Amino acid sequence: VEQIRPAGGGIAPDLTAAISEIEFLGGHTRLFLEHPQARGLGLILDGPARYAVGQPIGLSLPTEHRVLFDGQGARIEKDPAVLQDGSRQTAVSR
């Protein structure tokens, strides 16, 4: 997903994954990530990145780019963590 970014700025991550492989691509670094409920996660960062294989990394998934599904596999049209005023709930269990 092109919109996944490392979490930062004191904001809790939406998802935490483990780094399984690091590939340096000159001006970029590609991180291959593992999470038990998400396959094929990867992250491309500008410049050299100072991470290690096995290190956990918090990820931010912007709400405008999320596609959510219920337990039966049907798409949920609205993120239940987003309140009517557009703000996010702060206590969301993952």
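Residues numbered from 1 in each chain as written. Predicted model: local features only at pLDDT ≥ 70, side-chain atom pairs only at ≥ 80, totals over all residues. Heavy atoms only, no water.

Q: Is there a simple way to think about the overall build of the chain in this case?
A: Helix and strand counts for the chain stand at zero helices and seven strands. Along the chain, from the amino end to the carboxyl end, the secondary structure elements read β-β-β-β-β-β-β. Scored against the burial criterion, the 94 residues of the chain give a buried share of 23%. Put simply, of all contacts in the chain between residues at least 6 apart along the chain, 45% involve residues at least 24 apart. Accessible surface, the chain: about 6,900 Å² in total, of which carbon and sulfur atoms supply 51%. (Helix = DSSP H or I, 4+ residues; strand = E, 2+ residues; numbered from the N terminus. Buried < 20%, exposed > 50% of the residue type's maximum accessible area, 1.4 Å probe, protein only. Contact = heavy atoms within 4.5 Å. Areas by Shrake-Rupley, 256 points an atom, 1.4 Å probe, with all protein chains shown as cover.)

Q: Please clarify how the nonpolar core should be interpreted in this entry.
A: Most often, soluble globular proteins have nonpolar side chains that are buried together. Listed in full, the twelve residues of the largest apolar core are Ile 4, Leu 15, Ala 17, Ile 19, Leu 31, Leu 33, Leu 41, Leu 43, Leu 45, Ala 49, Ile 57 and Leu 59. Residue assignment for this core shows that the elements contributing at least two residues are strand 2 (15-24), strand 3 (28-34), strand 4 (42-46) and strand 5 (56-60). Top element by residues in this core is strand 2. It accounts for three residues. When residues no more than four places from it in sequence are discounted, the contact partners of Leu 45 are Pro 6, Gly 27, His 28, Thr 29, Leu 31 and Tyr 51. (Core = buried A, V, L, I, M, F, W, Y, C linked by side-chain atoms within 4.5 Å.)

Q: Teacher, can you tell me more about the pairing of strand 2 here?
A: In this structure, strand 2 lies alongside strand 5, joined through four bridges in antiparallel fashion. Note on strand 5: the bridge partner recorded for Ala 18 is Pro 56. Here six bridges tie strand 2 to strand 3, and the two strands are oriented antiparallel to one another. Each residue of the ladder has a partner; that of Glu 23, found in strand 3, is Arg 30. In sequence, strand 2 turns back onto strand 3 through a hairpin of three residues, with Gly 26 there showing a positive phi of about 75 degrees. (Pairing = 2+ DSSP bridges.)

Distances and angles like these do not, on their own, reveal function.
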